[in-house]
Amino acid sequence: MSVASVLWLAFAVFSVGLFGLLARRHAIAALLSIELMFNAVNLAIVGLSWSRGILSGVVLVLFAIAITVAEIAVGLSLVLLAARRAKTVVLDDLSELRG
Amino acid sequence: MRDAAFWVLAALMLGGAAVVVTARSLVRAAFGLAAALIATAGIYLLLTAPLLAAVQILLYTGGVLTLVVFAIVVVGGEVSGAMYRKPLAAAALSAGTFIALSSAVRGLPSRPPVAGLDAGAAIGVSLFVRDYAVPFELLSVLLLAAVIGALLLARKDGPA
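Computed from a prediction, not measured in an experiment: that's the story for all the values here.

## A word on the overall build of chain A
Reasoning step 1: What chain A contains, in helices and strands, is three helices and zero strands.
Reasoning step 2: Ordering the α and β elements of chain A from the N terminus gives α-α-α.
Reasoning step 3: Relative to the 2.2 N^0.38 estimate, which gives 13 Å for 99 residues, the radius of gyration of chain A is 17 Å and therefore markedly larger than a compact globule would have.
Reasoning step 4: Its C-alpha atoms give chain A principal-axis dimensions of about 50 × 25 × 20 Å.
Reasoning step 5: Counting only residues that meet the buried cut, chain A has 64% of its 99 residues in that class.
Reasoning step 6: Long-range contacts, defined as pairs at least 24 residues apart, comprise 60% of the intrachain contacts of chain A with a sequence gap of at least 6.

## Remarks on the nonpolar core
Reasoning step 1: Residues Ile28 and Leu43 of chain A together with Leu52 of chain B are the most contacted members of the largest nonpolar core, which totals 67 residues.
Reasoning step 2: Taken together, the elements giving at least two residues each to this core come down to α1 (3-23), α2 (27-52) and α3 (56-85) of chain A together with α1 (2-22), α2 (26-46), α3 (50-75) and α5 (120-130) of chain B.
Reasoning step 3: With 12 residues, α2 of chain B is the largest single contributor of residues to this core.
Reasoning step 4: Contact partners of Leu52 of chain B, with chain neighbours within four places excluded, come to Val46, Val58, Val61, Leu62 and Ile65 of chain A together with Tyr44 of chain B.

## A closer look at α2 of chain A
Residues and elements named next belong to chain A.
Reasoning step 1: Taking 1.5 Å per residue as the helical rise, α2 with its 26 residues ought to reach 38 Å, and the 38 Å between its terminal C-alpha atoms agrees with that figure.
Reasoning step 2: With 20 of 26 residues buried, α2 is to be regarded as a mostly interior element.
Reasoning step 3: Count one or two residues on from α2 and you reach Gly53, which has phi positive near 70 degrees.

## Examining the packing of aromatic side chains
Reasoning step 1: Here the structure, examined in full by the defined rule, presents four aromatic pairs over all chains.
Reasoning step 2: Measuring from centroid to centroid gives 5.0 Å for Phe6 of chain B and Trp7 of chain B, while their planes differ by 70 degrees, and the two rings are edge-to-face.

## Comments concerning empty space enclosed by the protein
Reasoning step 1: A complete count under the given rule lists two cavities of 30 Å³ or more for this structure.
Reasoning step 2: Roughly 50 Å³ of volume is contained in the largest cavity.
Reasoning step 3: In terms of lining, the largest cavity is formed by Arg24, Arg25 and His26 of chain A together with Arg24, Leu26, Gly77, Glu78, Val79 and Met83 of chain B.
Reasoning step 4: Considering only residue class, the lining of the largest cavity consists of three nonpolar, two polar and four charged.

So, how was this worked out
- All chains use their own residue numbering, which begins from 1 and follows the written sequence.
- The naming scheme follows written order: chains are lettered A onward, ligands numbered 1 onward.
- The predicted nature of this model means local features are confined to residues of pLDDT at least 70 and side-chain atom pairs, given and counted, to a pLDDT of 80 or more, with totals for whole chains, interfaces and linings taken over all residues.
- Excluded from the side-chain calculations are hydrogens and water; all other atoms, namely the structure's heavy atoms, are used.
- Numbering of helices and strands starts at the N terminus; helices are DSSP runs of H or I of at least 4 residues and strands are runs of E of at least 2.
- We compute the radius of gyration from the C-alpha atoms alone; for a globule the expected value is 2.2 Å times N to the 0.38, where N is the number of residues.
- In this scheme, a residue with accessible area under 20% of its type's maximum is buried, one over 50% is exposed, and one in between is partly exposed, where area comes from a 1.4 Å probe on protein chains only.
- Contacts are assigned to residue pairs that have any heavy atoms within 4.5 Å of one another.
- Among the buried residues, those of types Ala, Val, Leu, Ile, Met, Phe, Trp, Tyr and Cys that are joined through side-chain atoms within 4.5 Å form a nonpolar core.
- To estimate how far a helix should extend, the number of its residues minus one is multiplied by 1.5 Å.
- The rule is short: rings of Phe, Tyr and Trp, with Trp giving its six-membered ring, pair when the centres are within 6.5 Å, and they are stacked under 30 degrees, edge-to-face over 60, tilted in between.
- Detection works on a 1 Å grid of protein atoms alone, calling trapped sets that fit a 1.4 Å probe cavities and calling open sets with protein on both sides within 12 Å along at least five of seven lines pockets, with lining residues defined by an atom within 4 Å of a point.
- Grid points are joined across faces, edges and corners, and a volume is the space filled by probe spheres set on the points.
- Polar here means any residue outside two lists: the nonpolar Ala, Val, Leu, Ile, Met, Phe, Trp, Tyr, Cys and Pro, and the charged Asp, Glu, Lys and Arg; Gly therefore counts as polar.

What follows is the structure, encoded as structure tokens:
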């Protein structure tokens, strides 16, 4: 277990999450993929600060986790609102703002 | 022993991630995410950051997953028709991202570092007393704003 293997894992999970964000049509599936990407970034930060013995990375990730929780709460309520207003959760059909 | 635990957790995390993006039912995807998040908490333990592992399980796996499952119950967990939109382009882009990111790993040491992080008390002092006390309090304002915003958006007589 080295910092390189931790980073490989983080990059792989990040790329899988990016695929889900770009390709899935359900809005909640896209949010779940964003969570995966957040998680991969946090893992990379912790791995790097572990390899250097820097505590600030851990504090940064603590803040990042709290902000992510706020983000998912707002994001999910946006999805609920979209489901009620537009009667759909398919991202392609939510095109009200398109000119 | 440490190495074996890391590879098992890495496989669990990647498997969970794969379930998140491939499962047709979103409930299944949410539990794939739970597996990935718990595996991450295990890796945080291996990286000598037990505080983060606890926060990860409490906030992420407990909080976020409850919210997600509630939302799935309300809006429905499946879409009719195709599951993906332009999956080949998305796969190509994410593979390209992976290759681009991988170039960052080159030159990093492939042996375990000597440093480690094992300092829960130091994190507590840094977070609550010394360096980050004000940002930490601001975080509670952010969370309050998020709760009010979420309530406003999701209310029946909200902006709909």
